[in-house]
Each structure stands twice: as structure tokens, then as C-alpha cells.
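Structure at a glance
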Amino acid sequence: MINSDNINFIVGNKNFKKEAHEPFNDKICNFLDQLSIYLSNPKVSQDYSDIKTFAFFCRKKNILNLKKKSSNLESRKGLGLLFHITPSNIPTNFAYSLIFGLLSGNKNIVKVPSKIFPQIDIICNAIKIVLKKFNSLENFIKIVRYSEDEDFTKKISLVCDGRLIWGGNDTINKIRKYPIKEISRDLSFADRNSFCIINSDRLIGIEKKKLNEIALKFYNDTFLVDQNACSSPHVIFWMGKKNLKIRKKFWKTFNKIVDSKYELDHSAIFYKQDRLFSDFITKNNIKNFKNYGNSIYCVELNQKKIDPSKLISRWGYFYEVEITRLEELSKFSNVFTQTLTYFGFEKKDFYKIIKIKNFDGIDRIVPIGQALDISLNWDGYDIINILSKVIDIR
Amino acid sequence: MIFFEKRSDLFSYSKKNKINFFDNSIIKLVNFHYKNCSNYKKILLGLKYKLNNKKISNIPALPVSLFKRFNLHSVKIDKIIKILKSSGTSGSDPSKIFLDSFNSKNQTWVLSKIVESIIGKKRLPMLIVDQDPKGINRSSYNARIAAINGFSIFGKSITYLLNKNNKVDFKKLNYFLSKFGNEKFLIFGFTNLIYEHFLESKLKILHTKSLKNGIIIHGGGWKKLESKAISNKIFKKNLKLNYNISKIYNYYGLIEQTGSIFVECPKCSCFKCSIYSDIFIRDKNLNIIKKNKQKGFLQVLSLLPTSYPGNSLLTEDIAELRNDIKCKSCGESKKFTIHGRSKNSEIRGCANI
């Protein structure tokens, strides 16, 4: 018996019985589509852009598209009960985690952060309303909020068939102390660092309008989340000849966008000063420093081996490295590196480098502007496959 | 070598004299620390600071948080006689300030001159609104104890108002007042402690008027009062109302620049700079704000730090210049007011750094 007296069930009941669907179950897909329609109403989403993005993700067309890309669906089934521990900094993250669980055919208990976000309330409320039309799915969604009730975490960990633990690393280490069943699966989403690579040759002679578009995409990858998402680039690699001038032009264009859209607050300024002075003291490979107002700090590093896990910054603090060949990326990336956004390259350029033997970083390589687009491949996991089991029928 | 000049024109200087003395001295100090503190040198090199710089506005302002993470000192470690540690907010590392005897003596000298300008040369009986630091279980020499020790040299018959349970010891208080209450005496403590014991849970004194001869010197601890929406003005008004105390001096000081504190002028309620200190207000691009009544980051400059590179610091406090207020007792010194700590913003993103 699980004591859940102190647990606030925002959505769902206290029935913990095991049930599972096949991935992309029709009812689940319909439910998500209805949820998408409901949340797309501006009266409901109250113009929260992150809710709109989430609603857009749930729409039928996108879900069917994702389904098409998945294989072996007829012999797959959800693991059973998933326990999600979601992060306190991105308000809509819990909802994506829930979708991971639903689409792979599982029942879900999602722990949302104790910190109050209006987005969480709005989405949970929408789920409750839409669920009324989907009686049979009632047991599949439970959203809970509790502060530090270790007993509940411990007990759910023991009964669940899989856990999704979203970072920071402290949370992951804390939750991992609670054992799961021998057969259960643990997925952790640790603190990560991300890169961007720009082919400066492709920026030479570029139209002003086009450069603006690229800079705006870069803005969406970074400042939209204070450069604090794991997939926001922290290190910018520049490849190409004579790129000094073009680099300056890029940052200036970017700076204009930041200044017109972003309100820099005091703690950000203080953070960046502190970070810069600390970098001067601790890093012996700083080649140059340049700032554009206080919005953008660029610390250029020498080509010495750098540890990406030490280059996590925020609020418009970028490290820059010049490279001459794509292969050099393997020197700089390690398991901590999550996303590489790119401009001025082709997809095929990257297939070559991921084959390099000592290339052990980077889980996502996406065009500039798509850093934050969540997908069913995340942190190196093929989500549907890892959250379901395949039944070998011969 | 560095020198320390004992000046008598602490607040009575002319603008021109201040520039001659202060600006020249601090530029020399920057160069001294550059030569003697390798971490400081790295910062200056990184910022491409020119050692022949003559403008004090170009001197880099170290974020105060830097003293938490790095050991910054400009004299050999065997010359260090004490390390001041800030109390620090829970969870964060304390600042570490390395003092040699030269630096420490100069701090005491300047502090004593500043306090003299308020209470005069004579030592006064002193009531400290805190526990006896001897009784406090301490692992380090923290800011609160440093302040108590620093200020207690101006008092005699020092009486600690609080017992071990942080409650007012009324027996002690009444004894102190019956003995010294008829003449001038000093009350010293952290702002929030004075508020807590004097105003929130009012002192049950036999004669409330017996505090009227007290001169209050208080500083720090505004954070708690801000959360209760108690301004400096209300604080002063209520002390006057309840105890008829009218001589109340608020001071602003950082442990990173102990000694060269900024004391509030009782006439115009602004903090003023002594000849040993200066300030700049900086905007979001860290450019200097020259206009009055415009809020920005407070940068504090002091001539006192010699054993550590703390002469120019960027604080997290928000302040504004108030040189528009004409005040005879402030003379030509730069004046400012403080609006508390800059707010920690809610950060978006997924990394819990």
C-alpha cells in the first residue's frame, strides 16, 4: 500500500495498478490532438509562447509524423508504470516528459516542481478537462506535487517500471539513491553543454536581411531561455577563412536583436562580470575577450584541449574557438556535449565526423534555430524504444 | 613600497584636494597589487588594463563574489595575521579577506576617525545589541564579530544586551541605564537586531525615556527589514517615537573594505564619502552614471586595502547619487543613497547551476 496522504494529486487518482498500451495507441493520439486543440485557444494558453509550442507539438499531424518515423510498432508495448521527476526551471518540461511516457504506451506519475508556474496549472487543467472525454485513459496520467516526501519517492521508485530523472545532477544523484526493481529502467537527463558551429565563409557578402534571420535564430536558441537550457549553445566554433571581420558583424547584428528584445537584469550583469574575472584567473587559454555592451560577452579560447563541462555559462556569455576542419570538433566535445547547432553546413558533413573513433560527444546535430525543439530522440535516447519493450515473435 | 598617509581632512576636504590625494594613491595601489598578486595581474591583463592609466573610473571593479572563490592577497601568506570571513548567506562560501598588520592597523585608524566625527574623541559607555562574541561558537572570524570588535574600541563599560538565547538581558540593561543613562552613551548593533529587540518586541524598560541619551550606530542587515517593508525613515521615526532617540547613524560598509565605511549624514540622510573612499554608480552597461537620482550598481573604492586587491569593488547593491541635495554638514563629499540588493532573477532554462 502506498501512503499518499501528503501528496497533492493535481491530475489523476491513486490507482497504481499496472497497465500498458502499444506505442502510439490511437486513443492516446486522439487525446493529444484534443489537448492540442484545447491549448491552442489563446484564451486558454494566455499567450504563453511555451504553451503554444507545446500545443503545436501535440497536434495530430506532428504525432502521426513521429509515428511514421518509428519502426517495429506492432511488436512493441509500454513498460508499464513510469515515474517522472521533472525539473524546476523549464515550466513545460514536465508536459514533454509526460508525452514521452504516453506515446511509448505507459502509465505515468509525473512529479512537477514545487515552484509555482502558471504554465503548469494551465496545462494540468487542460489535461483534466480533455481527460473527461477519455475515461479509459484516466489511469494513465497522474500529475503530483510534493516537496520532499522521500517516502513517496522511495515507494513509487520500487513499484515503477521505469524512471525519467531530469537534472540538475544533484537531483539525479539524490533520486538514484532510491532503488528501483531489478528489471526496471532508469533514464537520466543530466546537466549538459552545447555547441554551435558557423561556417563564416557562408556569411561573406550575405544580405543584411538574411544575416538578421540567422541572428534571430541564434537568439531563439539562447536568450529565449537565458542561455540556460542544456541545448543552448555555450561554445561557438568558427570555421572559414578571414572570419574576424564577419564574426564582428554577426555579433553586432545579434547584439541589436538582443537589445531590442531582451531586458538584461542586474543579477545577469553581475554574474557575467564574476564569470569573466574568474575565467581570467582560472583559464590559461584565453586568447581574447570582447563584449558588446553587457548583453554579449565573447571569450575567445586557444585551441588547447578544453573541457566542455567547464564551459557552461548563461545570460549571453559565449566562448569562441576557431577551427579549420570539422573533425577538430572531436577534440573539444565529450560525453557532456549534447547539441550542436550549425549554420553553413550540410547534413552529410556530419555523418563523417560521428564515425571518428574518439568522438564520444554530441547527441543532436540540428540547424541553427532548432536548439530547443524537443524530439523523440533526446540526450542520445531513442525515447519510444527505450520506454517500451519489443516482443520477439518468430 | 606603499605608504599610508594619515589625513585630518576626513570629510572637510575640497574636491581638488581629494582628487590629488585619492586618485593618485589608488592608481599606485592598483599597480602595487598588479605586481604582488598574481591573480589580480591575470585579471588586469585579461582586461587589457593599461598600467599608465590615470583615470580612476578605468580601474577594474572586482565583483565582491570573487573573494569567495579565490584567495586574493598581495603579501606573502606568512605576513597575514588574520582572515576576515563574511557571514555569507547559507549555502554560499564566505568571502575571505587577508589582512597583514599594516592593513589591519590602517583599518582601525580610519574607522576610529570616522566614528570620532560622530561621537567625539571621548570614549562612551557602550551598549552592544548582540551577544558577547566570546560566547558565540565560531569557527572563523566573521563579519559580525569583526564589526563588534571594530566598533567596541570606541566604547567603555561595554555591555552586551543579548544573552545566549538571543533574548534581551533586562537585568543587564537596567543596570547599564541606571549607571550611564543620564549622560551620552553609545548603542551599536546590526540594523535588524536593533529593529527586532527595540521595535518589534519593545523593550520593557522601567523608564522608556532613559534611552534618550543614546547615540545609535547601526549597519547591515537591511534585507530582513526590506521584507517587512521597514525603510530607514520608518526605522528612525519609530525609534524617536518610542524612545526619544534622535541621534541615529546608519552606516554602509563591506567586509571587503573594512574601515572605510560610509556614514549617513543625519541632516540629509545620505551616505557620504570620506577622503579614503569614493564611489561610482554604474548602469547596465557598466558605464558611469553621472546624473543624480538614477539607480545603478554601486562600485566602492577605498585606499585601505593593501594586503589584498580590494580597492575597487563592484557590489550587488543598487544605489543612486544625491549630489543634488545641498547640505552644509556634508561639504564637498560625494553623496549617495542605497536601495538594497539587486534582485535575483528567476532564471529560465534547465541547468540547475
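Residues numbered from 1 in each chain as written. Chains lettered and ligands numbered in written order. Predicted model: local features only at pLDDT ≥ 70, side-chain atom pairs only at ≥ 80, totals over all residues.

**Things to note about the overall build of chain A**
Scanning chain A from terminus to terminus reveals 14 helices and 17 strands. The C-alpha atoms of chain A give a radius of gyration of 22 Å, which matches the 21 Å a tight globule of 394 residues would have. When each of the 394 residues of chain A is scored for burial, the buried share is 42%. Considering only residue pairs separated by 6 or more positions, chain A has 77% of its internal contacts joining residues 24 or more positions apart. (Helix = DSSP H or I, 4+ residues; strand = E, 2+ residues; numbered from the N terminus. Rg over C-alpha atoms; globule rule 2.2 N^0.38 Å. Buried ≥ 20, exposed ≤ 12 C-beta atoms within 10 Å, placed from the backbone. Contact = placed C-beta atoms within 7 Å.)

**A closer look at the overall build of chain B**
Secondary structure assignment for chain B yields 9 helices and 14 strands. For chain B, whose C-alpha radius of gyration is 21 Å, the value lies close to the compact-globule estimate of 20 Å for 353 residues. Taken along its principal axes, the extent of the C-alpha atoms in chain B is 65 × 45 × 45 Å. With 353 residues in all, chain B has 43% of them scored as buried. For chain B, the share of sequence-separated contacts (at least 6 apart) that also reach a separation of at least 24 residues comes to 71%.

**Some remarks on the interface of chain B and chain A**
Quite often, the size of an interface is put as the accessible area lost when its parts meet. At the interface, 28 residues of chain B touch 33 residues of chain A. Counting only elements with at least two residues in the side of chain B that touches chain A, the list comes to helix H2 (38–46), strand E1 (62–63), helix H3 (66–69) and strand E13 (312–321) of chain B. The leading source of residues in the side of chain B that touches chain A is H2 of chain B, at 4 residues. By residue class, the composition of the side of chain B that touches chain A is 13 nonpolar, 9 polar and 6 charged. (Nonpolar A, V, L, I, M, F, W, Y, C, P; charged D, E, K, R; others polar.)

**Regarding the packing of helix H1 (residues 26–40) of chain A against helix H3 (residues 49–58) of chain A**
Residue and element names in this part refer to chain A. Axis separation between H1 and H3 bottoms out at 8 Å; the angle between their running directions is 150 degrees. The orientation of H1 relative to H3 falls into the category roughly antiparallel. As H1 runs across H3, the sense of the crossing is left-handed. Facing Leu 32, Asp 33, Leu 35, Ser 36, Leu 39 and Ser 40 of H1, the residues of H3 in contact are Ile 51, Phe 54, Ala 55 and Cys 58. (Axes fitted to C-alpha atoms, helices over the stretch in contact; angles between N-to-C directions. Parallel < 35°, antiparallel > 145°, perpendicular 65-115°, else oblique. Left-handed = near helix turned anticlockwise from the far one by under 90°.)

**Thoughts on unusual backbone geometry**
Phi at Asp 379 of chain A is positive, roughly 50 degrees, even though this residue is not glycine. Of note, Asp 379 of chain A is situated in the loop between strand E15 (377–378) and strand E16 (381–382).

**Some words on the nonpolar core**
Ile 197 and Phe 237 of chain A together with Leu 127, Ile 128, Val 129, Leu 186 and Phe 188 of chain B are the most contacted members of the largest nonpolar core, which totals 133 residues. A per-element tally of this core places helix H11 (residues 266–282) of chain A first, with 7 residues. Other than its neighbours up to four places away in sequence, Ile 128 of chain B contacts Ile 148, Ser 152, Ile 158, Thr 159, Tyr 160, Leu 161, Phe 188 and Gly 189 of chain B. Phe 24, Ile 51, Phe 100 and Trp 166 of chain A belong to the second-largest nonpolar core, a separate cluster that totals 52 residues. (Core = buried A, V, L, I, M, F, W, Y, C linked by C-beta atoms within 7 Å.)

**A look at the domain arrangement of chain A**
We note that the domain assignment places domain 1 (8–190 + 379–390) and domain 2 (193–367) within chain A. Computed from C-alpha atoms alone, the centre-to-centre distance between domain 1 of chain A and domain 2 of chain A is 32 Å. (Domains from an automatic or database assignment.)

**A word on helix H9 (residues 232–243) of chain B**
Residue and element names in this part refer to chain B. Across its 12 residues, H9 extends 16 Å between first and last C-alpha, which sits within 8% of the 16 Å expected from 1.5 Å per residue. Taken together, the buried positions of H9 are occupied by Phe 235, Leu 239 and Tyr 243. All buried residues of H9 fall inside an arc of 30 degrees around its axis, so they share one side. Of the exposed residues in H9, the ones pointing more than 90 degrees away from its buried face are Lys 233, Lys 237 and Leu 241. (Expected span 1.5 Å × (residues − 1). Arc of directions from axis to C-beta.)

**Some words on the sheet that holds strand E1 (residues 8–11) of chain A**
Residues and elements named next belong to chain A. Strand order across the open sheet formed by 6 strands is E1-E5-E4-E3-E6-E7, with mixed pairing between neighbours. Strands with a single pairing partner mark the edges of an open sheet, and in this sheet they are E1 and strand E7 (185–189). The sheet shows a mean angle of 20 degrees between the axes of neighbouring strands, taken without regard to direction. Across 5 bridges, the pairing between strand E3 (residues 81–85) and strand E4 (residues 107–111) is parallel. By the bridge assignment for E4, Leu 81 is matched with Lys 107. The strands touched by helix H5 (residues 93–103) are E3, E4, strand E5 (141–145) and strand E6 (162–166); relative to E4, the strand with the most contacts, the crossing angle is about 165 degrees. Docked against the sheet, helix H8 (residues 169–176) engages E3, E6 and E7, running at close to 150 degrees with respect to E6. (Pairing = 2+ DSSP bridges.)

**Observations concerning helix H9 (residues 208–221) of chain A**
Residues that lie three or four places apart on an α-helix share one face, since the helix turns once every 3.6 residues. Residues and elements named next belong to chain A. The terminal C-alpha atoms of H9 lie 20 Å apart, and with 14 residues this matches the ideal 20 Å at 1.5 Å per residue to within 8%. The complete set of buried residues in H9 reads Ile 214, Ala 215, Phe 218 and Asp 221. Seen from one end, H9 has its buried residues packed into an arc of 110 degrees, which puts them on one side. Residues of H9 that are exposed and angled more than 90 degrees away from the buried face: Lys 208 and Lys 209.

**So, the pairing of strand E6 (residues 185–190) of chain B**
The side chains of a regular strand alternate between both faces of the sheet. All names here are of chain B. Extensive coverage of E6 is indicated by the burial of 6 of its 6 residues. Sheet topology note: the strand E4 (residues 124–128)/E6 ladder contains 3 bridges and is parallel. Bridged to Leu 127 within E6 is Ile 187. Pairing geometry for E6 and strand E7 (residues 214–219), over 6 bridges, is parallel. When the bridges of E7 are listed, Phe 185 appears paired with Gly 214.

**So, the environment of Lys 352 of chain A**
Turning to its location among the elements, Lys 352 of chain A is positioned in helix H13 (residues 347–354). Taking C-alpha positions, Lys 352 of chain A is 9.3 Å from Leu 326 of chain A, a pair spaced 26 residues apart along the chain.

**Quick notes on the sheet that holds strand E10 (residues 286–292) of chain A**
Residue and element names in this part refer to chain A. An order of E10-E11-E12-E9-E8-E13-E14 is seen for the 7 strands of this open sheet, with the pairing classed as mixed. Since the sheet does not close on itself, it has two edges, and those belong to E10 and strand E14 (364–367), each with one partner. Averaged over all adjacent pairs, the angle separating strand axes in this sheet is 25 degrees, with direction ignored.

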